[in-house]
Amino acid sequence: MINKNETCTAGQVSVPYMTCLIHVFEQWFGVEQLEDYLNFANYLLWVFTPLILLILPYFTIFLLYLSIIFLHIYKRKNVLKEAYSHNLWDGARKTVASLWDGHAAVWHGYEVHGMEKIPEDGPALIIFYHGAIPIDFYYFMAKIFIHTGRTCRVVADHFVFKIPGFSLLLDVLCVLHGPREKCVEILRSGHLLAISPGGVREALLSDETYNIIWGNRKGFAQVAIDAKVPIIPMFTQNIREGFRSLGGTMLFKWLYEKFRYPFAPMYGGFPVKLRTYLGDPIPYDPKMTAEELAEKTKDAIQALIDKHQRIPGNIMSALLERFHTKQKIT
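First, a word on what this report is: a plain description of the structure on this page.

Conventions we followed
Residues numbered from 1 in each chain as written. Predicted model: local features only at pLDDT ≥ 70, side-chain atom pairs only at ≥ 80, totals over all residues. Heavy atoms only, no water. Core = buried A, V, L, I, M, F, W, Y, C linked by side-chain atoms within 4.5 Å. Buried < 20%, exposed > 50% of the residue type's maximum accessible area, 1.4 Å probe, protein only. Helix = DSSP H or I, 4+ residues; strand = E, 2+ residues; numbered from the N terminus. Contact = heavy atoms within 4.5 Å. Salt bridge = Lys/Arg side-chain N within 4 Å of Asp/Glu carboxyl O. Axes fitted to C-alpha atoms, helices over the stretch in contact; angles between N-to-C directions. Parallel < 35°, antiparallel > 145°, perpendicular 65-115°, else oblique. Left-handed = near helix turned anticlockwise from the far one by under 90°. Nonpolar A, V, L, I, M, F, W, Y, C, P; charged D, E, K, R; others polar.

Topic: the nonpolar core
Line of reasoning, step 1. With 82 residues, the main nonpolar core has Leu-125, Phe-137 and Phe-140 as its most contacted residues.
Line of reasoning, step 2. At eight residues, the largest contribution of residues to this core is made by helix H5 (residues 135-148).
Line of reasoning, step 3. Discounting chain neighbours no more than four positions away, the residues touching Phe-140 are Tyr-110, Val-112, Ile-118, Ile-126, Met-234, Thr-276 and Leu-278.

In structure tokens, the structure reads:
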């Protein structure tokens, strides 16, 4: 009687190639019934896939709280230095930025295209499309700080300031709620400022079609006009493939409109390829109204989406792209 291994070596066509390969591995590793183990592993993957999809998005929250814990330790260690140094938090910012930049490179092969459009000094208003989780902007802030030493301030929704434990992180990363006068003051002081006009509404209600949801918002345009600064449009390719939101369903839309809190669950955390594109700056024009500037900015971001994003977005394509390209920063 001929055993399985002899059948494979004899080159009989009736035995599938994968079966022979499994038998070879069984001999190498000294185990029997390797095929049964593989089938069991495949079954476990099928059973736990929903759990994995729910857990991955919260790894981002874990990184946020890890950053917060580090900042509290840093603050206590340097409490006496605070009275003598105006740059107390620079070391902490560099450490946190390195943490996020490392995660960006390893998990998403993150790239920034158009970094040269960010001024080396002086103000600029960055307007960006808001993903389900704006992890791309966390990466972008880290990249800006590491490569230019500049801190990019950002306007966040009011609910962010009510998340337990976030106050120190928001303070160190220069996150603010507004109002418009404060934004103008920051820009006039020569700083970079970022705003997502779509905000939480865009995060929840937009989807893989990457529709821009700004409504009639033009306050950001008035800020740029009052501060006399250029607007730099920004969009990150595949940001909706990394994280998806169920906020578009009727129940979660009603909850948001009722309580103004993003109750909608999210899933994802997929290691898709992320590329941030910065468009050409829209210069200050005293003749342009806020309505016209807002529309021009929206058109600029839509042009970035049309040029760089597959519509509708596809998670599998974004995953394949991640593992077939090399990281690049320009």
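Observations regarding the pattern of salt bridges
Line of reasoning, step 1. The full count for this structure, using the stated rule, is ten salt bridges.
Line of reasoning, step 2. A salt bridge links Arg-201 to Glu-257; the nearest nitrogen and oxygen atoms lie 2.6 Å apart. Placement of Arg-201 in helix H8 (residues 199-205) and of Glu-257 in helix H11 (residues 250-259) is noted, with a sequence separation of 56 residues between them.
Line of reasoning, step 3. For Glu-257, a relative accessible area of 39% corresponds to the partly exposed category.
Line of reasoning, step 4. With a closest N to O distance of 4.0 Å, Arg-244 and Glu-208 form a salt bridge. One end of the pair, Arg-244, is in strand S7 (residues 243-245); the other, Glu-208, is in the loop between H8 and helix H9 (219-227), and 36 residues separate them in sequence.
Line of reasoning, step 5. Within the structure, one salt-bridge network assembled from shared partners comprises Glu-111, Lys-273, Arg-275 and Glu-321.

Let's talk about unusual backbone geometry
For residues that are not glycine, phi is negative in most cases, and the peptide bond is trans in most cases.
Line of reasoning, step 1. Cis geometry is adopted by the peptide bond preceding Pro-179, which originates at Gly-178 and carries an omega value of 0°.
Line of reasoning, step 2. Within the element layout of this structure, Pro-179 appears in the loop between strand S4 (175-176) and helix H7 (180-188).
Line of reasoning, step 3. Residues Ile-311 and Pro-312 are joined by a peptide bond in cis, for which omega reads -10°.
Line of reasoning, step 4. Within the fold, Pro-312 resides in the loop between helix H12 (290-308) and helix H13 (315-322).
Line of reasoning, step 5. Unlike most non-glycine residues, Cys-174 shows phi in positive territory, near 60°.
Line of reasoning, step 6. You can see Cys-174 is positioned in the loop between helix H6 (167-172) and S4.

Here's the deal with the packing of H7 against H9
Between two packed helices, what matters for the description is the angle formed by their axes and the separation of those axes.
Line of reasoning, step 1. Packing of H7 against H9 leaves a shortest axis separation of 9 Å and a crossing angle of 40°. In terms of their interaxial angle, H7 and H9 are classed as oblique. By crossing handedness, the relation of H7 to H9 is classed as right-handed. In this structure, H7 contributes Arg-180, Cys-183, Val-184, Leu-187 and Arg-188 to the contact, and H9 contributes Gly-219, Gln-222, Val-223, Asp-226 and Ala-227.
Line of reasoning, step 2. Of the residues in the contact of H7 with H9, the class split is five nonpolar, two polar and three charged.

Everything listed here is a matter of coordinates, which is why it stays silent on function.
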